[in-house]
Structure formats: structure tokens, C-alpha cells
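Examination of the molecular architecture
Each chain is listed here by its residues.
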Amino acid sequence: MVRTAAGWLLGLMLAAAGAIVCINLVSSSVASPQQPVKEYLQALQKGDGAQALGLLRAKVPSANAAMLDGTALQTAASKMSDVKVGNPEARGSNRMAVPVEYTLDGNRLHTEFLMERTGTQWLFFTKWAFVPTTLPTIDVTVVNASEATLNGVPVNMPNGRNTFAVFFPGKYEASLNGTYFEAPPASALVSSRDGGQAPLNLLTRSTKAMNDAVAGKVKEFLDTCAVQATEQQRLQPDCPFYHVSNARVVDGTIKWAITEYPKVTIEPFGGKWVVAPLNGKATLTAREIDLFTGAGKDLSVEHDFSFTTQLDVSGDTVTVTPMLTF
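From a predicted model like this one, the values you see are computed outputs, not experimental measurements.

Procedures and definitions
Residues numbered from 1 in each chain as written. Predicted model: local features only at pLDDT ≥ 70, side-chain atom pairs only at ≥ 80, totals over all residues. Heavy atoms only, no water. Helix = DSSP H or I, 4+ residues; strand = E, 2+ residues; numbered from the N terminus. Buried < 20%, exposed > 50% of the residue type's maximum accessible area, 1.4 Å probe, protein only. Contact = heavy atoms within 4.5 Å. Areas by Shrake-Rupley, 256 points an atom, 1.4 Å probe, with all protein chains shown as cover. Pairing = 2+ DSSP bridges. Axes fitted to C-alpha atoms, helices over the stretch in contact; angles between N-to-C directions. Disulfide = S-S within 2.5 Å. Core = buried A, V, L, I, M, F, W, Y, C linked by side-chain atoms within 4.5 Å. Salt bridge = Lys/Arg side-chain N within 4 Å of Asp/Glu carboxyl O. Parallel < 35°, antiparallel > 145°, perpendicular 65-115°, else oblique. Left-handed = near helix turned anticlockwise from the far one by under 90°. Nonpolar A, V, L, I, M, F, W, Y, C, P; charged D, E, K, R; others polar.

Overview of the overall build of the protein chain
Scanning the protein chain from terminus to terminus reveals 5 helices and 22 strands. Relative to its 326 residues, the protein chain shows a buried fraction of 37%. Of the contacts formed within the protein chain by residues at least 6 apart in sequence, a portion of 55% connects residues at least 24 apart. Of the roughly 18200 Å² of accessible surface on the protein chain, 52% is carried by carbon and sulfur atoms.

Section: unusual backbone geometry
Glycine aside, a negative phi is what most residues show, and trans is what most peptide bonds show. Here the residue pair Phe-168 and Pro-169 is connected by a cis peptide bond, since its omega of -5 degrees sits within 30 degrees of zero. Mapped onto the elements, Pro-169 comes out in the loop between strand 11 (161-165) and strand 12 (170-177). Phi is positive for Asn-151, close to 55 degrees, though the residue is something other than glycine. Tracing the backbone shows Asn-151 in the loop between strand 9 (147-150) and strand 10 (153-156). Even without being a glycine, Asn-159 presents a positive backbone phi close to 55 degrees. You can call Asn-159 exposed: its relative accessible area is 80%.

Re the sheet that holds strand 14 (residues 200-202)
The strand order 11-8-14 describes an open sheet built from 3 strands, whose pairing is mixed. The open sheet has two edge strands, strand 11 and strand 14, and neither has a second partner. Within the sheet, the average angular offset between the axes of one strand and its neighbour, ignoring direction, is 20 degrees. Bridging between strand 8 (residues 137-142) and strand 14 involves 3 bridges; their strand directions are parallel. Considered in strand 14, the bridge of Thr-141 is made with Asn-201.

Topic: the state of the cysteines
For the structure shown, the criterion picks out 1 disulfide. The side chain of Cys-225 participates in a disulfide bridge whose partner is Cys-239; the two sulfur atoms lie 2.3 Å from each other. Every disulfide takes its handedness from the sign of the S-S torsion; for Cys-225 and Cys-239 that torsion is -110 degrees, giving left-handed. One end of the pair, Cys-225, is in helix 5 (residues 208-232); the other, Cys-239, is in the loop between helix 5 and strand 16 (248-249), and 14 residues separate them in sequence. A relative accessible area of 4% places Cys-225 in the buried class. Judged by its relative accessible area of 7%, Cys-239 is buried.

Brief notes about the nonpolar core
Tyr-40, Leu-150 and Phe-167 are the most contacted members of the largest nonpolar core, which totals 48 residues. Residues contacting Phe-167, with those up to four places away along its chain left out, are Tyr-40, Leu-44, Gly-49, Ala-52, Leu-53, Leu-56, Leu-68, Leu-73, Leu-135, Tyr-172 and Val-190. Grouped together as the second largest cluster of nonpolar side chains are 30 residues, Val-218, Cys-239, Val-249 and Leu-311 included.

Digging into the packing of helix 2 (residues 34-46) against helix 4 (residues 70-78)
Following both chains from N to C, one finds helix 2 and helix 4 inclined at 115 degrees, their axes separated by 6 Å at the closest point. Contacts between helix 2 and helix 4 involve Leu-44, Gln-45 and Lys-46 from the former and Leu-73, Gln-74 and Ala-77 from the latter.

Concerning the environment of Pro-199
Note that Pro-199 resides in the loop between strand 13 (181-190) and strand 14. When the C-alpha positions of Pro-199 and Ser-187 are compared, they lie 9.3 Å apart, and in sequence the two are 12 residues distant.

Observations regarding the pattern of salt bridges
It is possible for side chains bearing opposite charge to pair when their charged atoms get close. A complete count under the given rule lists 15 salt bridges for this structure. The salt bridge involving Arg-108 is made with Glu-101; its shortest N-O contact spans 3.9 Å. Look at Arg-108 and you get partly exposed, because its relative accessible area is 39%. Here the salt bridges do not stand alone but share partners, grouping Arg-57, Arg-95 and Glu-116 into one network.

Regarding the sheet that holds strand 15 (residues 205-206)
In spatial order, the strands read 10-9-12-13-15; together these 5 strands make up an open sheet with antiparallel pairing. Strand pairing shows two members of the sheet lacking a second neighbour, strand 10 and strand 15, which therefore form its edges.

Here we look at the packing of helix 2 against helix 3 (residues 49-56)
Following both chains from N to C, one finds helix 2 and helix 3 inclined at 155 degrees, their axes separated by 8 Å at the closest point. Between helix 2 and helix 3, the angle falls in the class roughly antiparallel. Of the two elements, helix 2 crosses helix 3, and the hand of that crossing is left-handed. Residues Pro-36, Glu-39, Tyr-40, Ala-43, Leu-44 and Lys-46 of helix 2 lie in contact with helix 3, whose contacting residues are Gln-51, Ala-52, Leu-55 and Leu-56. The residue makeup of the contact of helix 2 with helix 3, split by class, is 7 nonpolar, 1 polar and 2 charged.

Right under this line is the structure:
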């Protein structure tokens, strides 16, 4: 009887000890303020926007939602590493702050998540959840374009600007990679619900393909002008270049040639793209007769010229229209 009672007592003590260990393990994991934070960060890295939004208990502001799920969200969190979830700190009777340190795109940053008690589970374990908040936003602008790429996802940019709702922490990088126009990447690191990030301003510029296309059309125009001026034997053709002389030029000896083609520079102006004034050189060779002495001599003269153009881009079509004044 004594041995039986002792055995029962030992069993009860072991069961009680096991229950205490179990309670401590559950309390430090499922019922801890850190657990929802860990699950939230995991959801970001998986690109699961629905789970992340539900855990964060966040309101989506009136903004573009392209960054809130899938590739865009996963990309935002992909640069985050060396994550350390710290011990919770009291923020009043029913709230705890969970600090998180991490490296984001090479920068060591800190985010504090505010948690609150929302009840109990399994009768006696405290249940924690994020204090409801509103997602931050980032503003993106692009010069003379109606689209861009943000975190690898094509996005519309009405009138060259848009506002995007984003999760935090994360890195958001905008760029423009078009055939004729491009913009170097601009990025922002969002580490808190307050956002407060400077706008991502994309400074659009023409690509080499665009510059080459315009330069090719300018060269074609000038070469055609020189050929026609030679065929028509004109000193003052309908071209950017001309020659004025008091001598008589022998018909059939006039020859024009472009000796220096303009360098093309394309710039944004007034919501459009314009080609900067084009400057080049043309050479005229001919045989001329002095009207006073009757003596003949060979003429070879180089003239500077300058003109402007109108640039129109429609899809893959580039049109360059010379604007000449006479």
C-alpha cells in the first residue's frame, strides 16, 4: 500500500512538472507577443499579402495596391537579413512593444511593433495581436512617362505620378526600362508604419537606341539635302546650309558635302521631349569666275549651320521633322 501510494505521488509530481514545462513552452511561443511578429515577417518574405495584412490588422489607404502581394511584396522583403526579434517591453497595462532589428539592403535598422492583449486562448493563455494601424505609402514620380517598374512589377503612372500602399519593413525600388526612354533606379527603405519617405523621383532620359534613331534620321535628312543641292546646282538650297557669293559660279561644278554631323541631345521640356538645336558643318566646292577680272578659281569653303527639329514618338515609331527658316 505504501509503495503504491508513493508511486501515485511520484506520478502526480512528474505530471505537474510536465504540465508546468508545457505551459511555459506554450506561453513563450504561441501566447507570446513576439509570435505574431515572427509570423508577420515570414508572411512578408513569402509574398503572402493577405496573411500579412490580417496579422498586422492594418487598414489599406486610398492608394495603388500593386505592392501588397506576390512578387512585389516578396521583393520588398528579400533584402532583409539578420533579423533579431527582441524581448517585449511594457507599454501600459495591456500593451507590449516588440523591437525588431535587421539589416535591410546593407543598412542596420530597427522597427518597433506595438502589440495588445485581445483575450485568452485555451482558457488561461494571453492572446496577443498587433495594434490596428494604417499602411504607409510611398510616392513615385517619373518625368514624361505614364508607366514605370516598381519592385519588378510594371505599374501605371497617370500624369507621371502615383502613390502606392506598402508593407514595412521593406525596400521599394522604382525604375524605367523602355526602348527609347529610361530612368536609373531610385529606392526607399520603409521601416515604420509612419512612412515619411521622400518621393521616388525617376529622372527619365533618352536611351542610346533613341539617340541613334534620331541621329540616323538627321543624317539621312542632311545627306539627302546635300545630294539634292548638288543635283540642282544651288548655292542656297532648301537646307540648313547655304553660300553667298559675288562671283559667278560655273554651272555643273557645285558640290555640297556634310563634313560634320550634329550631335544629338534629347531633353524633357514642357511635358514633351525635344531635340536640342543641331549644329554641324557643310563644305561647298565649285569653280567661280570673278565678275570684275574674269579670272577663274577653285572654291572650297566650309560653312557652319544650325537648325531645330520637332520630335514625335508613337509606340515604336520615331518621327523627326526639321524646322527650317529662310
